[in-house]
Amino acid sequence: MHILVTNDDGVMAPGLLALAQAMQSFGQVSVVAPDHNWSISGHVKTLNRPLRVVEATLADGTPALASDGAPSDCVALAVLGLLPEPIDFVVSGINPVPNLGHDLTYSGTVTAAMEAAIWGLPAVAFSLDGPEGEHMSEIDYSPAARVAAEVVSLALKHGIASQTLLSVNIPYRPYEQLHGFQVTRQGLRIYRDALIKRTDPRGKPYYWIGGDAPTGVPEEGTDIGALQAGLVSITPVQLDLTAHQLVADIAAWEWSLAEAPAAPGKDGSA
Ligand code: MN
C-alpha cells in the first residue's frame with residue numbers, strides 16, 4: 001500500500017505532518033506538497049510554466065518533495081511519474097479550517113483529492129474545524145489524525161467508488177469528546193465577503209475581497225450540522241457536477257437553431 005500525502009497549506013504545515021504520521025501504519029508513505037500556502041486556490045492545472053520540485057524534510061525527519069505547483073499539480077506530478085512506485089491512495093490535509101458546502105470548489109485541500117479521483121485513485125480530504133484566530137502551529141492535530149487513520153482504514157476495507165472522493169470535516173475537540181461519525185451532504189455556506197477598495201501608493205485603485213469568515217446553516221444531515229453536533233462529517237463527493245434533475249426540464253425548452261439570433265456581420269450589421 002503506497003499512500004500519497006499532500007495538502008494546500010504547504011509542506012511545512014503541522015497538519016500535513018500529523019496526517020503523514022497517521023498514514024504510516026498502512027504502508028509506504030510519500031509526501032508531495034506545495035512549497036507555500038495555496039489555501040482557497042481551487043482546482044488548478046499548471047500548463048503555462050515549468051513546475052519545480054525540491055527535496056524537503058518534515059519536522060520528524062520524514063523525507064518529502066515540495067513543488068511550486070498547486071495542490072492538484074502535486075497530485076498530478078506524483079501520479080504522472082515523479083514518484084517511481086504507483087500510488088494506491090491519496091490523502092490531503094489536515095487543513096486547519098473546515099471545508100463545508102460551497103467551500104469545496106474553492107478548497108485546495110479538496111481539489112487535491114479531486115485530482116486524485118480524476119486519475120482513478122481513491123482519495124480523502126481532511127479538514128479540521130480549528131479554532132478561529134489561533135496560529136496554525138498552536139493547533140492540536142492529534143485527535144484529527146486519529147480520525148484520519150480510522151477513515152482511511154474503512155475506506156481501504158470498503159473502497160471508494162471511481163470518480164468520487166470523501167471530504168471529511170472534524171470537530172476541534174479531544175478525541176474522547178467526539179460524538180461519532182455522520183455521513184452527510186453539503187450544507188448551505190453563507191459568505192460574508194465584502195469588497196474593499198483602496199488606493200495604492202501610485203494613486204491607482206485596487207480591490208481586496210475582505211469581510212468576515214463564512215457561517216453556515218447547521219441543517220441536520222449536512223456537513224455544517226454534523227460539526228455543530230460534535231460529529232465527524234463524511235461527505236461523499238462526485239466529480240460529475242451535472243444537475244441531473246434539470247436535464248429533462250431543460251431539454252424540453254424550445255431548442256431550435258432557427259430560433260437563434262443571426263450572428264452579426266463583420267461590419268456590425270445583423
Ligand atoms: Mn489550507
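Structure report, in brief. (Residues numbered from 1 in each chain as written. Predicted model: local features only at pLDDT ≥ 70, side-chain atom pairs only at ≥ 80, totals over all residues. Heavy atoms only, no water.)

### Remarks on the coordination of the manganese ion
At 2.1 to 2.2 Å from the manganese ion lie its protein donor atoms, namely Asp-8 (OD), Asp-9 (OD), Ser-39 (OG) and Asn-95 (OD1). Binding-site remark: the manganese ion is held by donors from one chain whose sequence spacing is D-D-x29-S-x55-N. Of this pair, Asp-8 sits in the loop between β1 (2-6) and α1 (14-23) while Ser-39 is found in the loop between β2 (28-34) and β3 (53-57), placing the two residues 31 residues apart along the sequence. (Donors = N, O, S within 2.8 Å, 3.2 Å for Na, K, Ca; no water. Helix = DSSP H or I, 4+ residues; strand = E, 2+ residues; numbered from the N terminus.)

### Remarks on the packing of helix α2 (residues 71-82) against helix α4 (residues 108-118)
Interhelical geometry of α2 versus α4 gives an angle of 25° and a closest axis separation of 7 Å. With respect to each other, α2 and α4 are oriented roughly parallel. Of the two possible hands of crossing, α2 and α4 adopt the one that is right-handed. In contact with Pro-71, Ser-72, Val-75 and Ala-76 of α2, α4 contributes Gly-108, Thr-111, Ala-112, Glu-115 and Ala-116. (Axes fitted to C-alpha atoms, helices over the stretch in contact; angles between N-to-C directions. Parallel < 35°, antiparallel > 145°, perpendicular 65-115°, else oblique. Left-handed = near helix turned anticlockwise from the far one by under 90°. Contact = heavy atoms within 4.5 Å.)

### Quick word on unusual backbone geometry
Between Gly-93 and the following residue, Ile-94, the backbone shows a cis peptide bond with an omega angle of 0°. Mapped onto the elements, Ile-94 comes out in strand β5 (residues 89-95). One non-glycine residue, Ile-40, adopts positive backbone phi at about 60°. Counting through the fold element by element, Ile-40 comes out in the loop between β2 and β3. What makes Ile-40 exposed here is its relative accessible area of 65%. Positive phi outside glycine occurs at Gln-163, with the angle close to 65°. Along the chain, Gln-163 falls in the loop between α5 (142-158) and β7 (164-171). By relative accessible area, Gln-163 is classed as partly exposed at 37%. (Buried < 20%, exposed > 50% of the residue type's maximum accessible area, 1.4 Å probe, protein only.)

By themselves, these observations are geometric and do not establish any function.
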